[in-house]
Amino acid sequence: MAAGVGDRDPLLRLRRHLREEVEPQALLLQPPPGGAAESTNVEKKEKPLPRLNIHSAFWILASIVVTYYVEFFKTIKETIQADSWCIVLGSCLLVASLTIAFYCIIYLEWYCGIEDYDAQYPVLIPVTTATFIAAAVCFNIALWPVWSFLTPLLLFTQFMGVVMLVSLLG
C-alpha cells in the first residue's frame, strides 16, 4: 500500500523523474579520458585574429580625416610658435611614451623574442601609461583655446588612430 501512495503523490513522482534524468546527463557531461589534451591541441591550432580589422581601420581613417579637416599640424605649429610650454612638455612626454612602447615592441618582442615582457619588466607599462596621460593633459591644456570643448574629442580620435597604427606592428 505504501508503494501505491508514493505513485499517487505528484511530488515524489517528479523527484523520481528528475533523478532519473539528471544521472545520465551527469555521465554525458564528464570529459572522456584524454579529452583535455585533445581540446588544448585544438585551441593551439586556431588562427589568431587579423591585425588589420574594421575597428582598427576605422580609427586610423578617422584620425587621418581629423588631421586633414581641422588642420591639425598647422594648428600645432602655430601653437608652438605662440610659445606654449604645455605643447612642448606634452611633445616631450609623448616622445618618451612612444620610445618606451617601441622599445617593448621592436627590441623586446621582435629582437629578443620576449613575448611576455610585462612579467620581466613590470614597470614599463605603468610608466608608459603615466607619461602618455601626462602628455594628453598637456596637449588638452595647450590646445583648449583653439578647439574649446572639441579638444578632448579630437585628441582622443588622434590617440586611437596612433594606438591602432602601433597595434599593427606588434
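Residues numbered from 1 in each chain as written. Predicted model: local features only at pLDDT ≥ 70, side-chain atom pairs only at ≥ 80, totals over all residues. Heavy atoms only, no water.

K.L.:
What should I look at first to understand a nonpolar patch on the surface in this one?
P.N.:
A cluster of nonpolar side chains, contributed by F102, I106, W110 and L169, occupies part of the molecular surface with about 360 Å² of accessible area. If you trace the backbone, W110 turns up in helix α6 (residues 85-111). (Patch = residues over 30% accessible without salt bridge, like charges linked within 9 Å, V, L, I, M, F, W, Y side chains within 5 Å. Areas by Shrake-Rupley, 256 points an atom, 1.4 Å probe, with all protein chains shown as cover. Salt bridge = Lys/Arg side-chain N within 4 Å of Asp/Glu carboxyl O. Helix = DSSP H or I, 4+ residues; strand = E, 2+ residues; numbered from the N terminus.)

K.L.:
Help me understand helix α4 (residues 54-69) in this model?
P.N.:
Along an α-helix, residues three or four positions apart point the same way, because every turn accommodates 3.6 residues. Between its first and last C-alpha, α4 extends 22 Å over 16 residues, near the 22 Å set by a 1.5 Å rise per residue. Those residues of α4 hidden inside the fold are in contact with α9 (151-169). Taken from the residues just after α4, E71 is the one with a positive phi, measuring 50°. (Expected span 1.5 Å × (residues − 1). Contact = heavy atoms within 4.5 Å.)

K.L.:
Sorry, what's going on with helix α8 (residues 124-147) here?
P.N.:
Here α8 spans 33 Å end to end across 24 residues, near enough to the 34 Å set by a 1.5 Å rise per residue. Buried residues of α8: L124, T128, T131, A135, C138, F139, A142, L143 and W147, and no others. Buried residues in α8 make contact with α5 (72-81), α6 and α9. Looking one or two places after α8, you find S148, whose phi comes out positive at around 55°. (Buried < 20%, exposed > 50% of the residue type's maximum accessible area, 1.4 Å probe, protein only.)

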